[in-house]
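# Inside the fold
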Amino acid sequence: MRPVLYSHPFSSYCQKVLIALYENGTDFEARILGEDEGAYEELVAAWPVKRFPMLRDGKRLVHEATSIIEYLQVHYPGPVRLIPVNEAFAVDVRMFDRFFDNYISTPQQKIVFDALRKSENRDPYGVKEARDMLDAAYGWLDRHMENRQWAAGEVFTLADCAAAPSLFYADWSHPLEDRFPHVTAYRQRLLARPSFARAVDEARPYRKNFPLGAPDRD
Ligand SMILES: N[C@@H](CCC(=O)N[C@@H](CS)C(=O)NCC(=O)O)C(=O)O
């Protein structure tokens, strides 16, 4: 039996899990939402909040990208340990995972979801707050990344799985420009990582769906 991932290639949180699967060469079945017949209906029936990715392993359902990566490490371990054995290091890894989800991905999604709304339902103040949050998060991360290769230290972890798609899309919505050179360099390292490069390539056909217009790069 192999686990089933309900996901979409263009989704940042799905890419976060795909990176983990590709890092370890984990065998899985992909149920592509909006493409594979009945996949979205199965997701919604199992998870009324309608967020993805979702993992199904036999009767077991796992929600939330971070939890899916933790689950894969426990039940389908591979050569790349994304949550370290060392408990003190694991605290850092989980802290940075939360940082990228809460302070990069969340404001990035706010900007994108606002652009998808009808003009009368837009929330300019909320979008300004999201852009301010991204600037604050970029600034903090830039100082943090000055002397390190990966988010939590010298090895690639869960934190980098979170960082890759969140920084990828955040830079499209709220460009780093040349203000944050260490974050820009880190984003480039993430793009060069084969697991993420594969996820980015698989999502290329969907770039036309990016509501703010995908830039002609990456
Ligand atoms: N906290 C969730 C967030 C998942 C999430 O926001 N997924 C987006 C796709 S990237 C989604 O489900 N969007 C559908 C929607 O907003 O209706 C996780 O970590 O998995």
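Residues numbered from 1 in each chain as written. Predicted model: local features only at pLDDT ≥ 70, side-chain atom pairs only at ≥ 80, totals over all residues. Heavy atoms only, no water.

### Examining the site of the ligand
S11, S12, Y13, K50, R51, F52, P53, E64, A65, Q109 and F113 make up every residue found near the ligand. Within the side chain of R51, a nitrogen or oxygen atom sits 3.3 Å from an oxygen atom of the ligand. E64 has a polar side-chain atom sitting 2.7 Å from a nitrogen atom of the ligand. Protein burial of the ligand: of its 510 Å² of free accessible surface, 78% is covered by the chains. Here the ligand is seated within the largest pocket. The set of elements that each furnish at least two residues to the shell around the ligand consists of α1 (12-24) and α4 (87-116). Split into classes, the residues belonging to the shell around the ligand amount to five nonpolar, three polar and three charged. (Near = heavy atom within 4 Å. Polar contact = N/O pair within 3.5 Å; in protein donor to acceptor, adjacent residues only side chain to side chain. Areas by Shrake-Rupley, 256 points an atom, 1.4 Å probe, with all protein chains shown as cover. 1 Å grid on protein atoms, 1.4 Å probe; cavity = no way out; pocket = protein on both sides within 12 Å on 5 of 7 lines; lining within 4 Å. Sits in = over half its atoms within 2 Å of the grid points. Helix = DSSP H or I, 4+ residues; strand = E, 2+ residues; numbered from the N terminus. Nonpolar A, V, L, I, M, F, W, Y, C, P; charged D, E, K, R; others polar.)

### As for the layout of surface pockets
Roughly 870 Å³ of internal volume is contained in the largest pocket. Counting residues per element, the lining of the largest pocket draws most heavily on α4, which supplies seven residues. Classifying every residue of the lining of the largest pocket by side-chain character gives 13 nonpolar, eight polar and five charged. (Points joined across faces, edges and corners; volume = space filled by probe spheres on them.)

### A few points about the sheet that holds strand β2 (residues 29-32)
Hydrogen bonds between backbone atoms are what pair the strands of a sheet, whose relative direction is either parallel or antiparallel. Read from one edge to the other, the open sheet built from four strands follows the order β2-β1-β3-β4, with strand pairing classed as mixed. Since the sheet does not close on itself, it has two edges, and those belong to β2 and β4 (60-63), each with one partner. Taken pair by pair, the neighbouring strands of this sheet meet at an average axis angle of 20°, ignoring direction. Bridge analysis of strand β3 (residues 54-57) against β4 gives four bridges, and the strand direction is antiparallel. Within β4, the position partnered with M54 by the bridge is H63. Contacting β1 (4-7), β2, β3 and β4, helix α2 (residues 39-46) crosses the sheet at an angle of about 90° to β3. (Pairing = 2+ DSSP bridges. Axes fitted to C-alpha atoms, helices over the stretch in contact; angles between N-to-C directions. Contact = heavy atoms within 4.5 Å.)

### A look at the pairing of β1
In β1, alternate side chains face the same way, and those of V4 and Y6 on one face and L5 and S7 on the other are all buried. By the bridge criterion, four bridges tie β1 to β2 in an arrangement that is parallel. Pairing of L5 across the sheet is with A30, part of β2. For the handedness criterion, the β-α-β arrangement of β1, α1 and β2 is classed as right-handed. (Buried < 20%, exposed > 50% of the residue type's maximum accessible area, 1.4 Å probe, protein only. Right-handed = clockwise from strand over helix to strand, strands pointing away.)

### Section: the nonpolar core
Core analysis: the largest hydrophobic core is formed by 61 residues, its most contacted members being F100, I104, L167, Y186, L190 and F196. Residue assignment for this core shows that the elements contributing at least two residues are α1, α3 (65-75), α4, α5 (124-144), α6 (158-173), α7 (181-192) and α8 (194-203). Looking at which element gives the most residues to this core, the answer is α6, with 11 residues. When residues no more than four places from it in sequence are discounted, the contact partners of Y186 are F100, M145, Q149, W150, A151, A159, D160, A163 and L167. (Core = buried A, V, L, I, M, F, W, Y, C linked by side-chain atoms within 4.5 Å.)

### Brief notes about α4
Under the 1.5 Å per step criterion, the end-to-end length of α4 is 41 Å for 30 residues, consistent within 8% with the ideal 44 Å. The sharpest bend along α4 reaches about 35° and sits at S105, with the proline P107 one to four residues further on. N-capping of α4 is provided by N86, with a side-chain oxygen placed 3.0 Å from the backbone N of A88. (Expected span 1.5 Å × (residues − 1). Bend = angle between axes of the 7 residues up to and from the residue.)

### Remarks on empty space enclosed by the protein
Tallied over the full model, the rule gives one cavity of 30 Å³ or more. By volume, the largest cavity amounts to about 60 Å³. Every residue along the wall of the largest cavity is listed here: A20, N24, T26, I69, L72, Q73, Y76, P77, G78, V80 and L82. Contributions of two or more residues to the lining of the largest cavity are made by α1 and α3. Per-element tally for the lining of the largest cavity: the top contributor is α3, with three residues. Split into classes, the residues belonging to the lining of the largest cavity amount to seven nonpolar, four polar and no charged.

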